[in-house]
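What follows is each chain in one-letter form.
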Amino acid sequence: MAGIAGVAVPLVLLEALSRFEVLPSREFPPVSVWLLVLFQQLPAPSFWSNVLLTLEGWAAGLALAALIAVPSGIVIGSSRRAYQMLRLPIEFLRPIPSVALIPLAVLMFGTRFPNKLFLVTFACIWPLLFQAIYGVQDVDPVAVDTARAFGFGRLQRLALVVLPSATPYIATGLRLASSVALILAVTSELVVGVPGLGSAINIAASGGDFPLMYALIAVAGLLGVSLNSIFTQVEGRALRWHPSQRSEAAA
Amino acid sequence: MILTADHVAKAYGNGLGATLAIKDLSFEVRDREFFCIVGPSGCGKTTLLKCISGLLQVTSGEVLLDGRRVTAPPEQMAVVFQEYGRSLFPWMRVDQNVRFPLQRKRLPRDKVESLVSDALAAVGLSDFARHYPWQLSGGMQQRVAIARALAYEPEILVMDEPFASVDAQTRADLEDLLLSVWKRFHVTILFVTHDIDEAVYMGDRILVLTPRPTVLEQMVAVDLPRPRDQIKTKELPEFAHLRALVYRSIKKAPTAP
Amino acid sequence: MRRVRDLLLQLVVPAGILVGWGLWSAQAQNFFFPPLTDILASFRDNWLFARVSSDVVPSLERMLAGYAIAVVAGTVFGLLIGSFRIVRWAAGPPVEFLRAIPPPVLIPFAILTFGIGPQFKVFVIAAGCVWPVLLNAIDGVRGIDPTLQETARVYRIPRLRQLFSVVLPAASPRIFAGMRTALSLALILMVISEMEASTNGIGFFILQSQRSFAIPDMWSGMLLLGLLGFTLNAGFVELERRLLRWHRGAQASALEAAA
C-alpha cells in the first residue's frame, strides 16, 4: 500500500503543480497529458520500431560483449601468469569512459547501427570481463583440490568445478552489463543520432513536443526496469545455491 | 538498588502459533549482589535478559528497577553481550569505545576522562587505549566491553554469557577480574551463564531455570567464603556439593510438555 | 629475483602495446589512426597546459559539483530509507523506476529546465550518480550488525545521534563502494552532457575535433580522458584505503576468528 502511495502521491503532486502553473505547463506538461500521449503511442508502428531499434543495439552489443569477455575472463582468471601480464593494461583501460570513443566511433562506423553496436559492446566488455575473472579466482581452492585428488584433468575441473562456481559472478556481470548496455545504446542515439528511442526523444524535444518527450523518457525508464528485473531474477536463480549471498546494488 | 521480576511472562507471536518462552518467573535481585542465572540450552535465558534490560517488552507481569517499571533500557543499567566482537564499534579506538556512552551524560570533560582511564586501568588495558578493538584478542575485547560498562557508572550490570566465547584459560582470568571489579565498584551484577562451575564460583545466589516454557526451578544460595580463589575455593567440599546440586537441578527439570 | 620477474611480466604487455601501436601507426597512413608521435605532440600542445583552464577546469568543476550533490543526497536519503521501514515501503517503487532511467535520456529534459549552461550538466551528473550511492547506503544500513544496534540502545543513545555516530560509520564501507561506482559514472555523464550541448569542456573539445577532422587533437582528448579516469579512480582507492583502514582490520580479524 505504501508503495503505491509512494508512486501516486508524487505523480498527483506534479499534476497539480503543472495544472496550477506553479511549474510552467509548456515545459512541464501535466502528468495526465503525457501519460495520454504515451498510450496514444502504443498502437503507432514508429514507436515500436524505435523501441525495437534500441533493444536491438542493447541485445546485440550485450551478446557480443559476453562472447568476447566471458571466455577471455575465464582464461585470464585461470592462469596466474596471464592475469599478471594483463592486469595493468586492463586496469588502465577500464576507467576510460566508453563515451570518449564516441567521436572515433562516428569516424569509423558512421552514424548508424554499427556505431551503436561498437559503443555498447566496448562498454559491456569490462564489467563482464572483470566479473568472469573474479568468479574464476574466487573458486574455493579446497573444491578444486578435491577434484584434483579424484583424478580430474584440467579441462574437466574447469567445466565441473570452476564454471559452476563462477556462474553467479557471471550472472551479476550480466545484470551490471545490461544496464550499461541500455545507457550506451540510448547515448549513441541521443548524441550521434543513431535511430532509436534516444534520437526520438531528441527530435521530440527540439520540435517542442514536450509531452512526447516525457512519454518517451518514461518508456526508457520502463524498459530499464523490465530489463533490470529480468536479470535480477536470473541472477537470483544462479545465486540460489551459492554461499556468498550478498545483496549487490546495481552499478 | 533492587531489581524485581514479578510474574514475568514472554511469548513470541500471536494466537495459536504463539511460543511461550517464559511462562511465569518471579525473583528479586538484592543490592550489590552477584546474582547468577543458569539453565539448560533453549530455556530463554537470553529472552529473560532482554526483557530485564528493556530491549524486549514482557507479555505479562513486570520488571521493576527500584520500584519503577522497565519498558526501555533503564538509565542505571549497563549490559555486556556475549558477542564482544560485534558490540564494540570497529571504527573507534578502545578509549573512544569506552567513552562513547558517556557523551550522552553531559559530564565535565575531565570527569569523563578520569572515568575512562579508571575503567581501563581496572580491566588492565591502560596500555591499549589507543588500539583498535580488532587488534586485540577475544579476551581483551571483552575486557573493553566491561570497561565501557564500568565507565558508565551503572548501578546494575547485566551480563549475557560474557565469557562463553573465550578459551578456558582466559575465562578464569576474566572471572577473577570481574569479581575484583565487582568489589571495587560496588555494583550489582546479574550474570547469565550456561557454565555451572562459573555460576557457583562467582555467585551469591543462583537462579536455576527450567526449559521452555520457563519457570523457576530452584534458587540456590552459595555460602562459599569470599574472596573466591580459582584453586582454593574449588577444592572445598562445599563447592562440589553446590555444583552437584545445581547440576541435578538442571537435569531434573522436566523437558517441555 | 622473483619480484623482478613479476614486475617484468606486468610491464611486458603494456610496453608491447605502446611500441606496437607506435610502430604500426607511424607507417600505416590510416586517417583515423594517426602516428602515435603526432598524438603525443598534440597532447602536449593542448593539455600541457594551454587548454587546462579553458576546458579541463570547467569540466572538472561540473563533474565534482554533480558528484558532491549525488553523494550527499544519496547518503542522507539512503540512511533514512534504510533505517525506517515505512519510508522503505513508500520509496521502493519510485526508486526502482527512477533509477532505471538511463541518465543520458534526461538530458533533453535537463536542457529544457535549466537551459544550455553548466547547470543542466550538473543536474544530469547528480541525477545519474545518486543511485549507486543511495542503493549502497541502503544496503549498508540494512546490513548493520544487530548487536551494534542493541549496544547503542542499551546505552540509551538518542535515535538521531545513533544515525550519525553508529549507523553512518557502520554503513560507510558500502557507501564508499557506491561512491567509487558513482565516480566513474560522473566522468561518463560529464562527457556525454558536454558532447550534447556545450561551449567548452573536454567532451566538447573531442567532438569538435572530430567534426573538424582534427584527428590527432581528438585522440589527445581521448587520451586525457583515459588518464583522468585512471587518476581519479586511483586517487579514490587510496583515499578509501586510508579512511577505511579500520574496516579491513575488523574484517581480517573476523575471518581469523571464524577459521
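Residues numbered from 1 in each chain as written. Chains lettered and ligands numbered in written order. Predicted model: local features only at pLDDT ≥ 70, side-chain atom pairs only at ≥ 80, totals over all residues.

## Description of the overall build of chain A
In step 1: In terms of helices and strands, chain A carries 10 helices and zero strands.
In step 2: Along the chain direction, N to C, the helices and strands of chain A fall in the order α-α-α-α-α-α-α-α-α-α.
In step 3: Considered along the principal axes of its C-alpha atoms, chain A spans approximately 75 × 50 × 30 Å.
In step 4: Across the 251 residues of chain A, 43% fall into the buried class.
In step 5: Sequence-distant contacts in chain A: of pairs separated by 6 or more residues, those separated by 24 or more amount to 72%. (Helix = DSSP H or I, 4+ residues; strand = E, 2+ residues; numbered from the N terminus. Buried ≥ 20, exposed ≤ 12 C-beta atoms within 10 Å, placed from the backbone. Contact = placed C-beta atoms within 7 Å.)

## A short note on the overall build of chain B
In step 1: A count of helices and strands for chain B gives nine helices and 10 strands.
In step 2: For 257 residues, the compact-globule estimate of 2.2 N^0.38 gives 18 Å, and the C-alpha radius of gyration of chain B, at 18 Å, lies within 12% of that figure.
In step 3: For chain B, the spread of C-alpha atoms along the three principal axes comes to 55 × 45 × 30 Å.
In step 4: Every one of the 257 residues in chain B was classed for burial, and the buried ones make up 46%.
In step 5: A separation threshold of at least 6 residues defines the contact pool for chain B, and within that pool the share at least 24 residues apart is 69%. (Rg over C-alpha atoms; globule rule 2.2 N^0.38 Å.)

## A word on the interface of chain B and chain C
In step 1: If you look at the interface, chain B gives 19 residues, while chain C gives 19 residues.
In step 2: Counting residues per element, the side of chain B that touches chain C draws most heavily on helix α2 (residues 84-87) of chain B, at three residues.
In step 3: Looking at the side of chain B that touches chain C residue by residue, the classes come out as 11 nonpolar, four polar and four charged. (Nonpolar A, V, L, I, M, F, W, Y, C, P; charged D, E, K, R; others polar.)

## Brief notes about the sheet that holds strand β1 (residues 3-12) of chain B
Adjacent strands of a sheet pair through backbone hydrogen bonds, lying either parallel or antiparallel.
Residue and element names in this part refer to chain B.
In step 1: The mixed open sheet is built from 10 strands, whose spatial order is β5-β4-β1-β2-β10-β9-β3-β8-β7-β6. Each edge of the sheet is formed by a strand with only one pairing partner; in this case those strands are β5 (68-69) and β6 (77-80).
In step 2: Where β6 meets strand β7 (residues 156-160), four bridges bridge the pair, whose relative direction is parallel. The residue bridging Val79 from the neighbouring strand is Val158, located in β7. (Pairing = 2+ DSSP bridges.)

## Concerning the arrangement of the chains
In step 1: Contact analysis covers two pairs of chains in contact, and the most contacts occur between chains A and C.
In step 2: The two units chain A and chain B remain apart, with a minimum C-alpha distance of 19 Å.

## Quick word on the environment of Thr71(B)
Residues and elements named next belong to chain B.
In step 1: Relative to the helices and strands, Thr71 resides in the loop between β5 and β6.
In step 2: Its 11 C-beta neighbours within 10 Å are what place Thr71 among the exposed residues.
In step 3: With 55 residues separating them in the primary sequence, Thr71 and Ser126 have C-alpha atoms 36 Å apart.
In step 4: Leaving out residues up to four positions away in the same chain, Thr71 has contacts with Gly54 and Gln57.

## Observations regarding the interface of chain C and chain A
In step 1: Taken together, the contact pairs 52 residues of chain C with 49 residues of chain A.
In step 2: Put simply, the parts of the chain that give the side of chain C that touches chain A at least two residues each are α1 (2-28), α4 (85-100), α5 (107-114), α6 (118-142), α8 (159-196), α9 (202-211) and α10 (215-243) of chain C.
In step 3: Ranked by the residues each element gives to the side of chain C that touches chain A, the list is headed by α4(C), at 10 residues.
In step 4: Class assignment of the residues belonging to the side of chain C that touches chain A gives a composition of 37 nonpolar, 11 polar and four charged.

## Remarks on the packing of helix α4 (residues 80-93) of chain A against α1(C)
In step 1: Between α4(A) and α1(C), the shortest axis-to-axis distance is 7 Å and the interhelical angle comes to 50 degrees. When the axis of α4(A) is compared with that of α1(C), the two are oblique. Considering the relative orientation of α4(A) and α1(C), their crossing is right-handed. Between α4(A) and α1(C), the residues in contact are Arg81(A), Gln84(A), Met85(A), Leu86(A), Arg87(A), Leu88(A) and Pro89(A) and Asp6(C), Leu9(C), Gln10(C), Val12(C), Val13(C), Pro14(C) and Ile17(C), respectively.
In step 2: Split by residue class, the contact of α4(A) with α1(C) holds nine nonpolar, two polar and three charged. (Axes fitted to C-alpha atoms, helices over the stretch in contact; angles between N-to-C directions. Parallel < 35°, antiparallel > 145°, perpendicular 65-115°, else oblique. Left-handed = near helix turned anticlockwise from the far one by under 90°.)

## Here's the deal with the pairing of strand β3 (residues 34-38) of chain B
Residues and elements named next belong to chain B.
In step 1: Extensive coverage of β3 is indicated by the burial of five of its five residues.
In step 2: Taken together, the four bridges between β3 and strand β8 (residues 188-192) define a ladder with parallel strand orientation. Note that in β8 the partner of Ile37 across the bridge is Val192.
In step 3: Inspection of the sheet shows β3 paired to strand β9 (residues 205-209) by four bridges, in the parallel sense. Each residue of the ladder has a partner; that of Cys36, found in β9, is Ile206.

## Description of helix α5 (residues 102-109) of chain A
In step 1: Every buried residue belonging to α5(A) is among Ile102(A), Pro103(A), Leu104(A), Ala105(A) and Val106(A), and all of these are buried.
In step 2: Looking at the packing, one finds that the buried side of α5(A) touches α6 (113-137) and α8 (154-192) of chain A together with α8, α9 and α10 of chain C.
In step 3: Just downstream of α5(A), Gly110(A) is the residue with a positive phi angle, here 80 degrees.

## So, the nonpolar core
Grouped burial of nonpolar side chains is what soluble globular proteins tend to show.
In step 1: Core analysis: the largest hydrophobic core is formed by 220 residues, its most contacted members being Ala132(A), Leu216(A) and Ala186(C).
In step 2: Ranked by residue count, the leading element in this core is α8(A), at 18 residues.
In step 3: Residue contacts for Leu216(A): discarding those within four places in its chain leaves Leu197(A), Ala200(A), Ile201(A) and Ala204(A). (Core = buried A, V, L, I, M, F, W, Y, C linked by C-beta atoms within 7 Å.)

## Overview of the pairing of β9(B)
Residue and element names in this part refer to chain B.
In step 1: Extensive coverage of β9 is indicated by the burial of four of its five residues.
In step 2: Where β9 lies against strand β10 (residues 214-221), five bridges are found, and the strand directions are antiparallel. The residue bridging Arg205 from the neighbouring strand is Ala221, located in β10.
In step 3: The turn joining β9 and β10, which pair antiparallel and follow one another in sequence, is formed by four residues.

## Looking at the confidence of the model for chain A
Where the model shows low pLDDT, its predicted coordinates should not be examined in detail.
In step 1: Scored by pLDDT, chain A has a mean of 84; 93% of the residues are at 70 or more.
In step 2: Put simply, helix α1 (residues 2-19) of chain A is where chain A has its lowest mean pLDDT, 75, and helix α3 (residues 45-78) of chain A is where it has its highest, 93. (pLDDT = per-residue confidence, 0-100.)

## As for the environment of Arg94(A)
In step 1: Relative to the helices and strands, Arg94(A) resides in the loop between α4 and α5.
In step 2: In this structure the C-alpha to C-alpha distance between Arg94(A) and Ile125(A), which are 31 residues apart in sequence, comes to 9.4 Å.

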